[in-house]
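Spelled out, the chains give:
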Amino acid sequence: MTLVWMFATLGAWFGAQVAFMIVWVIMDGGRINANKLDALALDGDFLGASTLIAAAVACPFCYLIGRWRHGFSGWDYLALLKGPGWPSVFFWSVATVLLGLGFHFLAPYLGADETPEFMTKAVRSSDFIPLLILGVVVGAPLVEEFIFRGVLFPGWTKSKMGLTGTLIVTSLVWTLLHAGQYGWVILLYLFLMGILFGSARHVTGNLWIPIIMHALNNAISVFETIRA
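Residues numbered from 1 in each chain as written. Predicted model: local features only at pLDDT ≥ 70, side-chain atom pairs only at ≥ 80, totals over all residues. Heavy atoms only, no water.

**Topic: the overall build of the protein chain**
- Secondary structure assignment for the protein chain yields nine helices and zero strands.
- Mapped from its N terminus to its C terminus, the protein chain presents α and β elements in the order α-α-α-α-α-α-α-α-α.
- Taking 17 Å as the expected radius of gyration for a compact globule of 228 residues, we find that the protein chain reaches 18 Å, a close match to that expectation.
- Overall size of the protein chain, expressed as C-alpha extent along the three principal axes, is 50 × 40 × 30 Å.
- By residue count, 47% of the 228 residues in the protein chain fall in the buried class.
- A fraction of 75% describes how many contacts in the protein chain between residues 6 or more apart in sequence connect residues 24 or more apart.
- For the protein chain, the accessible area works out to roughly 11,500 Å², and carbon and sulfur atoms hold 70% of it.
- Side-chain charges of the protein chain comprise 12 positive and 12 negative groups, with the mean position of each set lying 13 Å from the other. (Helix = DSSP H or I, 4+ residues; strand = E, 2+ residues; numbered from the N terminus. Rg over C-alpha atoms; globule rule 2.2 N^0.38 Å. Buried < 20%, exposed > 50% of the residue type's maximum accessible area, 1.4 Å probe, protein only. Contact = heavy atoms within 4.5 Å. Areas by Shrake-Rupley, 256 points an atom, 1.4 Å probe, with all protein chains shown as cover. Lys, Arg positive; Asp, Glu negative; His and termini not counted. Charge placed at Lys NZ, Arg CZ, Asp CG, Glu CD.)

**Focus: a nonpolar patch on the surface**
- Residues Phe-90, Val-94, Val-97, Leu-98, Leu-101, Phe-105 and Ile-220 make up a contiguous nonpolar surface patch of roughly 650 Å² in combined accessible area.
- At six residues, helix α4 (residues 86-106) tops the list of elements feeding residues into the nonpolar patch.
- Structurally, Val-94 can be placed in helix α4. (Patch = residues over 30% accessible without salt bridge, like charges linked within 9 Å, V, L, I, M, F, W, Y side chains within 5 Å. Salt bridge = Lys/Arg side-chain N within 4 Å of Asp/Glu carboxyl O.)

**Details of the pattern of salt bridges**
- Evaluated as defined, the whole model comprises two salt bridges.
- Ionic pairing is found between Lys-121 and Glu-117, a salt bridge with its closest N-O pair at 3.0 Å. One end of the pair is Lys-121 and the other is Glu-117, both in helix α5 (residues 117-125) and four residues apart, which spans about a single turn.
- Linking Arg-149 and Glu-145 is a salt bridge whose minimum nitrogen-to-oxygen distance equals 2.8 Å. One end of the pair, Arg-149, and the other, Glu-145, are both in helix α6 (residues 129-157), four residues apart, so they sit about a helical turn from each other.
- Overall, Glu-145 belongs to the buried group, its relative accessible area being 0%.

Keep in mind these numbers describe shape, not what the thing actually does.
This is the structure:
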């Protein structure tokens, strides 16, 4: 059943972005074609706005799924009832930064640019940087963690997949969704970061922790790109 929820939540996420894309193009007075879609994929303002729209649609949908699960009220299924606790926030934030620093030092030896071209183009094309920052630092962590470490994680952990299988599968699917944006080295980094997010979700029993970790990782990435 959790597999069904995966496709449903991903459908809500991408469906909201596609609908917003159509509205964006129409309001811009343009026609939808391959060149327009390629340009939008790297447009920082569109990226920020569409991510926030997707979060506004997909996150409530994830909450409803939690309510539909027998014996849960919604927020408890998503592990959002309790605050994260500052010791946990500190510990897992340090772990996030350390993994990021490891990538920072290893990236040149693996032939990868630690500042992805995708982010560079998004920043340079943005006319309103705060919108891009909100989308990347707030919108993306919310929608992605609500889906992968919120809806999918508890269901798959209790299945035959167990904790190890769930950590691998949720991280792998989440990583593959970024395959069109980054090279293999950064995708490997994202996979490891996904394992870390999932581990934090399991150990703390709290979704706020991976949301904060995700936001921290994205914030470091976008601000490094702006500074570059």
